[in-house]
Amino acid sequence: MIKRRIEEIVKAAVDACRKEGLIPSDAAAGFEITVPKIAAHGDFSTNAAMSLAAAAAMQPRKLAQEIVARIPKDAPELSGVSIAGPGFINFVLNPGWYLEGLREIWNAGAGFGCADLGKGRKVQVEFVSANPTGPLHIGHGRGAVYGDCLASVLKAAGFEVTREYYVNDAGNQIRTLGRSVYLRMKELCGEKIELPQECYQGHYIVDIARTLRETHGEAVSAMDEESAIDFLGEQAGSMILDEIKRDLAETGVVHDTFFFERELHKGALVEKTIEWLRERGHIYDQEGAVWFRSTAYGDDKDRVLRKGDGALTYFASDIAYHKEKYDRGFDRVIDVWGADHGGYVARMKAAVAAIGRDPASFDAVLIQLVNLIRGGDVVSMSTRSATYETLEDVRREVGRDACRYFFLMRSHNAQLDFDLELAKKESAENPVFYIQYAHARIASIFRKAEEQGLSAASPQEVDLANIDLPEEVRLARMLLVLPEVIEECAVELEPHKLAFYMLELSRMFQSYYSKGRTDERYMVLAEGGARTAAKLYLLKNVQIVLQNGLRILGITAPEAMAREEDALA
RNA sequence: GGGCCCAUAGCUCAGUGGAUAGAGCAUCUGCCUUCUAAGCAGAGGGUCGCAGGUUCGAGUCCUGCUGGGCCCGCCA
């Protein structure tokens, strides 16, 4: 990684200063390597002289001179080092070094971009986890795509990742589902019913009732009401879960494991966990209820695990579930929740601490709301009524690729305006289209090249001197940044940065490509000799990076952009 | 009343304690005989919500305020 190399160079120079007593050996080593906003300031910059000036009792610029003096003049990576402003040390890289770096992309191919941040540690990403009581809405969709992409990013960053879906199949909601189906079934039999407000109102309940009536009608009519409701809840829940799985699969989201709350109860794991906590002093009884002392770990109030009526709370199951996660051997646990669960973070962190795990190994990521925009207006969404926008509707309308990209193109902790019209546009305004178009253009050039009997030079035979246009060097440099972007996404749990990177890279390529229209030096297939082979070599690397980035985002990399009229023909 | 999130160009948003705060859309001006113009180049447009503080340096960190979203149950 380029940045790391610069860091090593600066560190060596700073250490040399230390050895000579210019900087006290106990001074904090803190300095940063950054990319200046302004190109004229070079490719990389460090604040080392400024941050160490106080400890060295020197003027920053003076110290900068001392540091620069200890950087080898003949470092192959560098073509220039200068001191600027209040004491920045700026580095201009040797363009040839970037171009040499392309070899790394070519050789790694689909593996380029991977980093070793995770060092094989096991991380579980739990996401979606919607109760199987109805179809997924767009809020679930955002969480699903975020969680999936985060998992891919973590995998690329060197973690061993498991995608998990937690199914609440034991609570009241499943009973309510059972009751809703039960009533609809009676209605189908010609009875006049009244559907209570807390029941699920959607039409899908009627469909499920009809199916279950056909398959299990007789059995159900033989049951008493209570067992019928239980039975129907279980059946309907499993049918809906199948639908959710299909819906997710069509969105490109596939979980490795499904964990059922029922399993916890079967093994009496919730009770066992409460006892486990009790033995360690985290539990007390008060007013007939069993309490968890979460305030001991920073929660603002203690929480009930077993209610006065003897029933376990949802939170009790959650603790048992999370204990079970760690017992399965995960070094790190990430939960992806909707923003409305913000109030649960503190108690869950407390629970992780109480079960003897490092709270820092647990992250609850909150995904903010999605506003659907159609024609400039917010399409309002109400969760309880049957009128909310489903993930499936949106995906069918805009397509899977656009759907995913739009969910990923904003930081998860900011609300997202999802513009349906924009997502459908086939023009540069639509970022998904634009990125895919960049990939398709490259594919098209390669098709043309093949027709002309041309192909990319291999790293062994390419003459890098033929890649000499400033835009080409910039492109090469941009390509080499991918591993750093992925690391950043993984550290900050923010895959949207990859989405932005992809857009920026696409712009860079599209701009370069377009110059070929007016300036032959930029035209890839212009002269057909070693120069063309070198340009194709560069383009091949651009294509690899586009493909790898798109793969992590879960978006297809098309060989050609089919016009709508072509598709119809 | 308390907690979490958000506030940056007309609009949608990037922005790692660094130097002159950036994109896209929209507006205006150019560019098609060429590898896909489904595109490209350029111009204008800013009190980074407000007020303090921390320091060599703050859009970024801290405090207070204003405005908006979500949440605050022995619900799930």
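All residue numbers here refer to positions counted from 1 along the written sequence of the relevant chain. Labels follow written order: the first chain is A, the first ligand is 1, and so on. Whole-chain, interface and lining totals are the exception, using all residues; otherwise, since this is a predicted model, local features are given only for residues with pLDDT of at least 70 and side-chain atom pairs are given and counted only at 80 or more. For side-chain calculations, the full set of non-hydrogen atoms in the structure is used, while hydrogens and water are omitted.

1. Looking at the overall build of chain A
Here is step 1 of the chain: Counting its secondary structure elements, chain A contains 21 helices and 15 strands.
Here is step 2 of the chain: For the C-alpha atoms alone, the extent of chain A along its principal axes is close to 85 × 70 × 40 Å.
Here is step 3 of the chain: The buried label applies to any residue whose accessible area, calculated with a 1.4 Å probe on protein chains only, is under 20% of its type's maximum; exposed applies above 50%, and partly exposed to all values in between. Looking at chain A as a whole, 50% of its 569 residues are labelled buried.
Here is step 4 of the chain: Here chain A has roughly 26,300 Å² of accessible surface; of this, 50% comes from carbon and sulfur atoms.
Here is step 5 of the chain: Only four residue types enter the tally: Lys and Arg on the positive side, Asp and Glu on the negative side, with His and both chain ends excluded. A single reference atom marks each charge: NZ on Lys, CZ on Arg, CG on Asp, CD on Glu. Averaged over its 68 positive side-chain charges, chain A has a centre that lies 3 Å from the centre of its 85 negative ones. Labels follow the DSSP assignment, with helices taken as runs of H or I lasting at least four residues and strands as runs of E lasting at least two, numbered in each case from the N terminus. Using a 1.4 Å probe, accessible areas were evaluated by the Shrake-Rupley method; residue-level cover was limited to the displayed protein chains.

2. Here we look at the domain arrangement of chain A
Here is step 1 of the chain: Structurally, chain A comprises domain 1 (2–93), domain 2 (122–167 + 255–366), domain 3 (168–253 + 368–424) and domain 4 (431–553).
Here is step 2 of the chain: Accessible area that two parts lose when put together, evaluated with a 1.4 Å probe and summed over both, is termed the buried area. Summing the contributions of domain 2 and of domain 3, the shared interface buries around 3,300 Å²; its carbon and sulfur component is 64%.
Here is step 3 of the chain: Of all residues in domain 2, the largest losses of buried area upon contact with domain 3 belong to Thr133, Ile138 and Arg142, amounting jointly to 26% of the total for that side.
Here is step 4 of the chain: A side-chain nitrogen of Lys or Arg and a carboxyl oxygen of Asp or Glu constitute a salt bridge if their distance falls within 4 Å. Seen at the junction of domain 2 and domain 3, the total is three salt bridges.
Here is step 5 of the chain: Here glutamate 234 and arginine 262 are joined by a salt bridge, their closest N and O atoms 3.1 Å apart.
Here is step 6 of the chain: We define a polar contact as two N or O atoms separated by no more than 3.5 Å, with the added condition that, inside protein, one atom must be a possible hydrogen donor and the other a possible acceptor, whereas residues neighbouring each other in sequence contribute only through side-chain atom pairs. Counting the contacts that link domain 2 with domain 3 gives 16 residue pairs in polar contact (both at pLDDT 80 or more). An automatic or database domain assignment supplies the start and end points of every domain.

3. Examining the sheet that holds strand S8 (residues 283–286)
Here is step 1 of the chain: Across the sheet, which stays open at both edges, the three strands sit in the order S8-S9-S10 with antiparallel pairing between neighbours. Edge strands, defined here as strands with exactly one partner in the open sheet, are S8 and strand S10 (303–306). Going across the sheet, the axis of each strand differs from the next one's by a mean of 40°, ignoring polarity.
Here is step 2 of the chain: At least two DSSP bridges between two strands are required for those strands to pair. Sheet topology note: the strand S9 (residues 289–292)/S10 ladder contains three bridges and is antiparallel. Across the sheet, the residue bridging to phenylalanine 292 is arginine 303, located in S10. Between N-to-C directions, angles span 0 to 180 degrees; the directions come from axes that are lines fitted to C-alpha atoms, helices contributing only their stretch in contact.

4. Observations concerning unusual backbone geometry
Here is step 1 of the chain: The backbone phi angle of valine 128 is positive, close to 70°, even though this residue is not glycine.
Here is step 2 of the chain: The residue valine 128 is located in the loop between strand S5 (122–126) and helix H5 (138–156) in this model.
Here is step 3 of the chain: Residue class for valine 128 comes out buried when judged on its relative accessible area of 13%.
Here is step 4 of the chain: We note that leucine 493 has phi near 55°; this positive angle belongs to a residue other than glycine.
Here is step 5 of the chain: By secondary structure assignment, the location of leucine 493 is in the loop between helix H18 (482–492) and helix H19 (496–515).

5. Comments concerning the side chain of serine 411
Here is step 1 of the chain: With respect to the helices and strands, serine 411 occurs in the loop between helix H14 (400–408) and strand S15 (416–419).
Here is step 2 of the chain: In terms of polar contacts, serine 411 uses its side chain to reach the side chain of asparagine 413, at 2.5 Å.
Here is step 3 of the chain: Any two residues having at least one pair of non-hydrogen atoms within 4.5 Å are treated as being in contact. In this structure serine 411 touches Arg142, Glu494 and His496, once residues within four positions along its chain are discounted.

6. Description of the protein's contact with RNA strand B
Here is step 1 of the chain: Near is defined per residue: the residue qualifies when any heavy atom it owns lies within 4 Å of the molecule or strand. Around RNA strand B sit 64 residues in total, of which Tyr344, Ala428, Tyr434, Tyr437 and Arg517 are the nearest.
Here is step 2 of the chain: Sugar plus phosphate, as a fraction of atoms of RNA strand B within 4 Å of the protein: 60%.
Here is step 3 of the chain: Within the backbone of glycine 308, an N or O atom sits 2.6 Å from a base oxygen of RNA strand B.
Here is step 4 of the chain: Residue tyrosine 522 places a main-chain N or O atom 3.4 Å away from a base nitrogen belonging to RNA strand B.
Here is step 5 of the chain: For the surface near RNA strand B, the elements supplying multiple residues, two or more each, are strand S4 (88–93), helix H6 (172–188), S9, helix H16 (431–451) and H19.
Here is step 6 of the chain: Here the element with the most residues in the surface near RNA strand B is H19; it accounts for eight residues.
Here is step 7 of the chain: Broken down by class, the residue content of the surface near RNA strand B amounts to 26 nonpolar, 23 polar and 15 charged. Here the term charged refers only to Asp, Glu, Lys and Arg, the term nonpolar to Ala, Val, Leu, Ile, Met, Phe, Trp, Tyr, Cys and Pro, and the term polar to all other amino acids, Gly among them.

7. Re H5
Here is step 1 of the chain: What a helix is expected to span follows from its residue count: subtract one and scale by 1.5 Å. Across its 19 residues, H5 extends 27 Å between first and last C-alpha, which sits within 8% of the 27 Å expected from 1.5 Å per residue.
Here is step 2 of the chain: Within H5, 16 of the 19 residues are buried, which leaves the element mostly enclosed by the surrounding structure.
Here is step 3 of the chain: Backbone geometry just after H5 places glycine 158 at a positive phi near 100°.

8. As for the sheet that holds S15
Here is step 1 of the chain: Taken in spatial order, the three strands of this open sheet run S14-S13-S15, and their pairing is mixed. Strand pairing shows two members of the sheet lacking a second neighbour, strand S14 (377–379) and S15, which therefore form its edges. This sheet shows a mean twist of 45° between the axes of neighbouring strands, independent of strand direction.
Here is step 2 of the chain: Sheet analysis places strand S13 (residues 370–374) next to S15, joined by four bridges and oriented parallel. Bridge assignment links valine 370 to a residue of S15, and that residue is leucine 416.
Here is step 3 of the chain: Packing against the sheet, H14 makes contact with S13 and S15, and its axis sits at approximately 155° to S15.

9. Things to note about the side chain of serine 45
Here is step 1 of the chain: With respect to the element layout, serine 45 can be found in strand S2 (residues 44–46).
Here is step 2 of the chain: Judged by its relative accessible area of 4%, serine 45 is buried.
Here is step 3 of the chain: A polar contact is formed between the side chain of serine 45 and the side chain of asparagine 90, at a distance of 2.9 Å.
Here is step 4 of the chain: When sequence neighbours within four positions are dropped, the list of residues in contact with serine 45 reads Glu32, Ile33, Thr34, Pro36, Phe88, Ile89, Asn90 and Phe91.

10. Quick look at the pattern of salt bridges
Here is step 1 of the chain: Here the structure, examined in full by the defined rule, presents 48 salt bridges.
Here is step 2 of the chain: Between arginine 175 and glutamate 226 there is a salt bridge, with its nearest N and O atoms 2.8 Å apart. Separated by 51 residues along the polypeptide, arginine 175 in helix H6 and glutamate 226 in helix H8 (residues 225–250) bring together distant segments of the chain.
Here is step 3 of the chain: Glutamate 472 serves as the salt-bridge partner of lysine 535, at 2.7 Å between the closest nitrogen and oxygen. You can see lysine 535 sitting in helix H20 (residues 530–553) and its partner glutamate 472 sitting in helix H17 (residues 470–480), a full 63 residues away along the chain. This pair shows no difference in class: lysine 535 is buried, exactly as glutamate 472 is.
Here is step 4 of the chain: Here the residues in one salt-bridge network are Glu243, Arg246, Asp247, Glu250, Glu392, Arg395 and Arg396, joined through shared partners.

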